[in-house]
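Now for the letters of each chain:
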Amino acid sequence: MSIRTLDDLLAEGVSGRRVLVRADLNVPLDKQTGAISDDGRIRAVLPTLGALVEAGAKVVVCSHLGRPKGTPDPQFSLSPVAARLGELLGAPVRFATDTVGDSARSTVADLADGQVALLENLRFNAGETSKDEAERGAFADQLAAFGDAYVDDAFGAVHRKHASVYDVPARLPHVAGRLVLREVEVLSKLTSEPERPYVVVLGGSKVSDKLAVIEALLPTVDRLLIGGGMCFTFLKAQGLEVGTSLLEKDMVETCRNLLERSEGKIMLPVDVVVADAFAPDAAHDTVRVDGIPSHRLGLDVGPETVAGFAAALSQAKTIFWNGPMGVFEMAAFAAGTRGIAEAITKADAFSVVGGGDSAAAVRALGLDESSFGHISTGGGASLEYLEGKTLPGIAALEN
């Protein structure tokens, strides 16, 4: 892969130059208070922003947050992110109340060397996500006008063909930021020659979301451990009763086929925690997978499953984990995810947490992030990379 890096840009000198940085500041916000509940993605971009500030650049940061419909929506404003970013950088971050309008233009124009500005949510503009190349290009023109150079440090968005990710780098000298570079280096280890045994843990709710990565990984992994809501479709494929658990009926035959082709690589839960309802205070018990009552639903893997999965992980030299084992947001159904995460940290292996809910779980459960080899900031992007797909944002940097 031939991509110019942030160090290349810094070597050329950025003092006094405007540098447009595409970051992934799509952090979760508390629905009641609007406060940031996990600032991991903000912290992840600090090495790139800090280096640019220290070198005297005028740093213009842009990002999306949530899924607004192409028009301004106050609940998706990046205003709280600007405040938190300023706290972490140790200097105020100027905030533009629009993306490419009067506020953005004046905010960028007033930047001094070493100062940082954050533009309002990119997705408040329909051009950011438009499938119409002319509309997307017109928005990219407006964004590119704010920079003399472009840095992509938004790994969580590189699988999107969006204006700020795909079209802007065609208009400016472009480099990969430190986070994007690290993500690609780590994931390329998993796709080239991973040290074996190579064990993958997949969770989350739907088989359909993970089917492509399962298909891509099956020939290359030594063990594939499947938990989370998606395990019930596999259990159904084995002819088991799954009660009212999450089930993709149209995927049962696909799962049966995967099990037949897996040559014993796929490990499924042997026990699960079942509850009367999807609620934090619901009555719940642990049962064997061949004894799930028809009126109850599975919300976590059980202790025997954790022990079996942990035994497989203890033999691994390379581990990739994407997706929680249960509804970890509810304390009663968090033990499976915690147990697997702790088993990964104890393994003598290079471990990668594949972003998304898995990364959120690591932080929500208070686990030591440094005990994992790498925690990705991009769940969807990391999965598509492992599937072997071309990621638009990476392709744009290679051009």
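Bear in mind that the values here come from a model prediction, so they are computed numbers and not experimental data.

What counts, and at which threshold
Throughout, a residue's number is its position along its own chain's written sequence, starting from 1. The model is predicted, so local features are restricted to residues of pLDDT at least 70 and side-chain atom pairs to those at 80 or more, both for listing and for counting; the totals for chains, interfaces and linings are taken over all residues. The basis for every side-chain value is the complete set of non-hydrogen atoms in the structure, without hydrogens or water. Two strands are said to pair when DSSP picks up at least two bridges between them. Secondary structure elements are defined from DSSP: runs of H or I of at least 4 residues count as helices, runs of E of at least 2 residues count as strands, and each element is numbered from the N terminus. As a rule, the C-alpha atoms of each element are fitted with a line to give its axis, helices using only the stretch in contact, and angles between N-to-C directions run from 0 to 180 degrees. Geometric relationships in this document are graded by angle, where less than 35 degrees denotes roughly parallel, more than 145 denotes roughly antiparallel, 65 to 115 denotes roughly perpendicular, and other angles denote oblique. Here is the rule for handedness: rotate from the far helix to the near one, and if that takes an anticlockwise turn smaller than a right angle the crossing is left-handed, while a clockwise turn gives right-handed. In this description, contact between two residues means that some pair of their heavy atoms is separated by no more than 4.5 Å. Polarity classes work like this: nonpolar for Ala, Val, Leu, Ile, Met, Phe, Trp, Tyr, Cys and Pro, charged for Asp, Glu, Lys and Arg, and polar for all others, with Gly in that last group. For a crossover, the right-handed case is the one in which the path from the first strand over the helix to the second runs clockwise, viewed with the strands pointing away from the viewer. The buried label applies to any residue whose accessible area, calculated with a 1.4 Å probe on protein chains only, is under 20% of its type's maximum; exposed applies above 50%, and partly exposed to all values in between. An arc is given here, and it is the one of the directions from the helix axis to the C-beta atoms. We call a set of buried Ala, Val, Leu, Ile, Met, Phe, Trp, Tyr and Cys residues a nonpolar core when their side-chain atoms join them within 4.5 Å. Aromatic pairs are defined between Phe, Tyr and Trp rings, using the six-membered ring for Trp, whenever the two ring centres lie within 6.5 Å; interplanar angles under 30 degrees are classed as stacked, those over 60 as edge-to-face, and all others as tilted. Geometrically, a lysine NZ or arginine CZ counts as sitting over a ring once it is within 6 Å of the ring centre and also within 35 degrees of the ring normal. Criterion for a salt bridge: a side-chain nitrogen of Lys or Arg within 4 Å of a carboxyl oxygen of Asp or Glu.

A. Fine view of the sheet that holds strand β7 (residues 198-202). Here we have six strands laid out as an open sheet, ordered β9-β8-β7-β13-β14-β15, and parallel in their pairing. Bordering the open sheet on either side are β9 (266-267) and β15 (374-375), each of which pairs with just one other strand.

B. Here's a closer look at the packing of helix α9 (residues 207-217) against helix α11 (residues 252-261). α11 packs onto α9 with a crossing angle of 25 degrees between their chain directions and a minimal axis gap of 12 Å. Classified by the angle their axes make, α9 and α11 are roughly parallel. Judged by the twist between their axes, the crossing of α9 over α11 is left-handed. Two secondary-structure elements touch here, α9 through Val207, Leu211, Ile214 and Glu215 and α11 through Thr254, Cys255, Leu258 and Arg261. Here the residues of the contact of α9 with α11 sort into five nonpolar, one polar and two charged.

C. Here's a closer look at the sheet that holds strand β5 (residues 149-153). Within the open sheet, the six strands sit side by side as β3-β4-β2-β1-β5-β6. Their pairing is parallel. Of all the strands in the sheet, just β3 (93-95) and β6 (174-176) have a single pairing partner and so form its edges. The mean inter-strand angle of the sheet, taken between neighbouring strand axes irrespective of direction, is 25 degrees. In the sheet, β5 pairs with β6 via three bridges, with the strands oriented parallel. Residue pairing in the sheet places Tyr150 in a bridge with His174 of β6. Against the sheet, helix α4 (residues 79-89) makes contact with β3 and β4 (116-118), and its axis sits at roughly 165 degrees relative to β3, the strand it touches most. Packed on one face of the sheet, helix α8 (residues 178-191) meets β5 and β6 and runs near 45 degrees to β5.

D. Inspection of the pairing of strand β8 (residues 223-226) at higher detail. The pairing of β7 with β8 spans four bridges and is parallel. Across the sheet, the residue bridging to Val201 is Leu225, located in β8. The β-α-β motif built from β7, the intervening α9 and the parallel element β8 has right-handed crossover chirality. Two elements, β8 and β9, share two bridges in a ladder whose sense is parallel. Bridged to Leu224 within β9 is Ile266.

E. Fine view of α4. Every buried residue belonging to α4 is among Val81, Ala82, Leu85 and Gly86, and all of these are buried. The buried residues of α4 all sit within an arc of 135 degrees when viewed along its axis, so they share a single face. If you follow the buried residues of α4, they end up packed against α2 (40-44), α3 (46-54), β3 and β4. Phi turns positive one or two residues past the end of α4, at Gly90, with a value near 80 degrees.

F. Spotlight on the nonpolar core. Counting residues in each nonpolar core, the largest one holds 69 residues, and the members touching the most others are Leu119, Leu224, Phe234 and Ile266. The residues touching Phe234, leaving out its near neighbours within four places in the chain, are Val207, Ile214, Ile226, Cys255, Leu258, Leu259, Ile266 and Leu268.

G. Region of the structure containing the packing of aromatic side chains. In this structure the tally under the stated criterion is zero aromatic pairs. Sitting over the ring of Phe350, Lys189 keeps its end group 4.4 Å from the ring centre.

H. Structural detail: the pattern of salt bridges. Here the structure, examined in full by the defined rule, presents 24 salt bridges. Taking the shortest distance from any N to any O, the salt bridge between Arg84 and Asp39 comes out at 2.9 Å. Highlighted residues: Arg84 in helix α4 and Asp39 in the loop between β1 (18-23) and α2, separated in sequence by 45 residues. By relative accessible area, which is 23% here, Arg84 ends up partly exposed. The salt bridge partner of Arg94 is Asp110, with a shortest N-O separation of 3.7 Å. You can see Arg94 sitting in strand β3 and its partner Asp110 sitting in the loop between α5 (102-109) and β4, a full 16 residues away along the chain.

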